[in-house]
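# Residue-level structure breakdown
Single-letter residue listing:
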Amino acid sequence: MNKILVVDDEIEACSALKEFLDLKGYDVDTALDGPTAISKIKEDQPHIVLLDMNMPVMNGTEVLKEIKKIDPNIGVIMVTVVTDHEQAKETLKLGAYDYITKPVDLDYLETVVMVKILDFLS
Amino acid sequence: MRLAAKEGRGKYFELKYLPVELYAIGVYDGHIKAEDRKFLGTYGLARDITKRKRAEEQLMNTGRELQETRDMLVQSEKLAAIGRLTAGVAHEILNPVNIMSMRLQLLKQTKDLSDRTRDVLNICTNQLNRIIEITKDLGQFSGLRKKHVAACDMNEVVGHVLDLCAPQIKEEGIKTDIQYHPELPLIRMDKDRIEQVIFNIISNAAAAMAGQENKTLSVVTNPATSEDYVQVIISDTGPGIDRHHLNRIFDPFFTTKDPAQGTGLGLFISYGIIRDHGGTIWAKNDEWEGASFFIELPVNAKTNREHSVERRTEQ
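Let me begin by describing the structure that accompanies this report.

So, how was this worked out
- Residues numbered from 1 in each chain as written.
- Chains lettered and ligands numbered in written order.
- Predicted model: local features only at pLDDT ≥ 70, side-chain atom pairs only at ≥ 80, totals over all residues.
- Heavy atoms only, no water.
- Pairing = 2+ DSSP bridges.
- Helix = DSSP H or I, 4+ residues; strand = E, 2+ residues; numbered from the N terminus.
- Buried < 20%, exposed > 50% of the residue type's maximum accessible area, 1.4 Å probe, protein only.
- Contact = heavy atoms within 4.5 Å.
- Core = buried A, V, L, I, M, F, W, Y, C linked by side-chain atoms within 4.5 Å.
- Expected span 1.5 Å × (residues − 1).
- Arc of directions from axis to C-beta.
- Buried area = accessible area lost by both parts, 1.4 Å probe.
- Salt bridge = Lys/Arg side-chain N within 4 Å of Asp/Glu carboxyl O.
- Polar contact = N/O pair within 3.5 Å; in protein donor to acceptor, adjacent residues only side chain to side chain.

Here we come to the pairing of strand S7 (residues 216-223) of chain B. Residues and elements named next belong to chain B. Bridge analysis of strand S5 (residues 175-179) against S7 gives 5 bridges, and the strand direction is parallel. Residue pairing for S7: Thr176 is matched across the bridge by Leu217. As defined by bridge partners, S7 adjoins strand S8 (residues 229-235) across 6 bridges and the pair is classed as antiparallel. Paired with Thr221 across the two strands is Val232, which belongs to S8.

Pasting the structure below:
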C-alpha cells in the first residue's frame, strides 16, 4: 500500500520529493513527463500519484484524465502553483483526490498521503 | 486687405477678438471710385462665424479627448502586458523556489544539526517565504483568476470586510466610526477583489495607528456627487502620509514598513483593481490628523480597460 509515483518536469523537484518520501518509508518512483508517467502507471500500478499541474507536452489535467481511465482508484494528488486555486478545484471534479500548492509543505504532503492510504485500507 | 482688394481677389480675414470674418473684395465700379478711378475704398461682407468657431473648438476638444483616451488605452495595454509578464515570471520563479524550499525542509530534518546551522536554515526559509509572498502578489495580475462580476451593495461589502477585521480591530483597541449611506445604488463589481482593496486599506490604517493612544478608524459610504458613482472613504487618526510620499504610495514595492512586514504591493494591486473597475482611488491627509483614502466606483463597472481613470493625490 505504499507505492508512490512522483511526476514533475523539474528533475530536482522529483528528486527532493523522492528523497523525502523514501525517508518516510514509501516505495517511490519518478517520471519527468506525462507519457512516461502513464507507461509507469500501467506497469507498476502505484497507489498514489503526485502530479505536477504545469508540464510541457501533456499538462497535469490531461495526465489526470488518462490515469483515471487506466485505474479510477489511484489516488492522484495534484501539485499546483499557489495562484491557481480555480484550476486546482477543477481537477477535483475530474477525480483528483486532493491538491497541494507549491512551494510544497513536506509535512503537510505526508499527512495527505497518509490519509489517502488510510482511505484505501478502510 | 487693401492689397487683396486691389488685386481683385476676395480674401477671408478673421478678426482677432470677434468671431467675425470679413470678405474683402475690391470694387472697381463707379460706386466707390472717384471719377478719376482713384481707389476709394473697399466694401466687404461681414459674416458671423461664431457657430463655426464653436464647432471647430469642439472638434479640437474631441480630437484632444480621443488622443488622451487613446494614450490611456495604450498605457492600460502596457500595464496589462506588464501584468501578464510579471505573473508569468512569478510563475517561473516558483519552481526553483519550490525546490529550494523542499531541500531546506529536508535539511532541517537532519539529526544533530548545530544550533547555528539551524538558525541559518531558518533565515533562508524566511527569506524564501518573502519571495513567495511577492510572487503571490504579482500573480494577481495573471488574469487567470476568473472575475465574478455581480451587482453588489457596497455597504454589505464594507460590512463583510469589517467583520473579517473585527478581531484585529478589537485587539488593537481601535475605535470605529462607520456611516453607511442608506440609499446606495448597487454597483457591478468583482466582490472578492473590492473586498481585497478595502481590507488592504483598513490594514494600512491600523498599522499607521500602531502605538498611538487615540485610534479611530472611520468608514463612510455615500453616493458621490456625480450620479452614477459610489464613494467609500476610509480614514484613520495616524500620523498621516508624508507629503513627499503622497504621489508614490500607489507605486509597486513602495512601502514605509519594515521589509518583513509586507511586499509594498498592496496599494499597487488595489489601484489596479479599482482601475479595472473604471473607478478612482486616491489619498489625502486630513486637516487635523491622519489620512483618508477615497475610492470611487461607477455603478456600471467597465471591467475591461476602456474606462479612463485619474489618479489624484491632494497635498
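That was the structure; now back to the text.
To continue, consider the environment of Leu109 of chain A. Residue and element names in this part refer to chain A. Its location among the elements puts Leu109 in helix H5 (residues 106-121). Note on Leu109: relative accessible area 0%, which makes it buried. Remark: the alpha-carbon pair of Leu109 and Ile77, spanning 32 residues in sequence, is separated by 9.3 Å. Those residues in contact with Leu109, other than ones at most four positions away along the chain, are Leu17, Leu50, Ile100 and Val104.

Met154, Ile194, Ile198, Leu217 and Ile295 of chain B are the most contacted members of the largest nonpolar core, which totals 44 residues. Elements with a contribution of two residues or more to this core: helix H4 (154-171), strand S6 (187-190), helix H5 (191-208), S7, S8, helix H6 (266-276), strand S9 (280-285) and strand S10 (291-298) of chain B. Look past the residues within four positions of Ile295 of chain B in its chain and what remains in contact with it is Val197, Ile198, Ile201, Val230, Gln231, Val232, Ile274, Thr280 and Ile281 of chain B. Of all hydrophobic cores here, the second largest spans 24 residues; its members include Leu21, Val79, Ile100 and Ile117 of chain A.

Tracing the chain through its elements places Asn95 of chain B in helix H2 (residues 50-108). Other than its neighbours up to four places away in sequence, Asn95 of chain B contacts Glu10 and Lys102 of chain A.

Right, let's get into unusual backbone geometry. Apart from glycine, the bulk of residues carry a negative phi angle, and the bulk of peptide bonds sit in the trans form. Residue and element names in this part refer to chain A. Between Lys102 and Pro103 the backbone carries a cis peptide bond, its omega angle lying at 0°. Mapping Pro103 onto the fold places it in the loop between strand S5 (98-102) and H5. Here the phi dihedral of Gln45 falls at roughly 50°; this positive angle occurs in a residue that is not glycine. On the secondary structure map, Gln45 appears in the loop between helix H2 (34-44) and strand S3 (48-52). Exposure remark for Gln45: the relative accessible area of 55% places this residue in the exposed category.

What follows concerns H5 of chain B. Taking 1.5 Å per residue as the helical rise, H5 of chain B with its 18 residues ought to reach 26 Å, and the 26 Å between its terminal C-alpha atoms agrees with that figure. Along H5 of chain B, the positions that sit buried rather than exposed are Arg193, Ile194, Glu195, Val197, Ile198, Asn200, Ile201, Ile202, Ser203, Ala205 and Ala206 of chain B.

Residue and element names in this part refer to chain A. Residues Gly34, Ala37, Ile38 and Ile41 constitute the buried set of H2. For H2, the angular spread of buried residues about the axis comes to 100°, placing them on one side. Among the structural elements, strand S1 (3-7), strand S2 (27-31), S3 and helix H3 (60-70) are those in contact with the buried residues of H2. Positive phi appears at Gln45, one or two residues downstream of H2, with a value of about 50°.

Glancing now at the interface of chain B and chain A. Listed by partner, the interface residues are 16 residues for chain B and 21 residues for chain A. Across the chain B to chain A interface the summed buried area is about 1,900 Å²; carbon plus sulfur atoms make up 62%. Sorting the residues of chain B by area buried against chain A places Met102, Arg103 and Leu106 of chain B first, and these three jointly supply 27% of that buried surface. Between chain B and chain A we count 1 salt bridge in total. With a closest N to O distance of 2.8 Å, Arg103 of chain B and Glu19 of chain A form a salt bridge. The tally of links between chain B and chain A comes to 6 residue pairs in polar contact (both at pLDDT 80 or more). Mapped onto the side of chain B that touches chain A, the elements with two or more residues apiece are H2 and helix H3 (115-138) of chain B.

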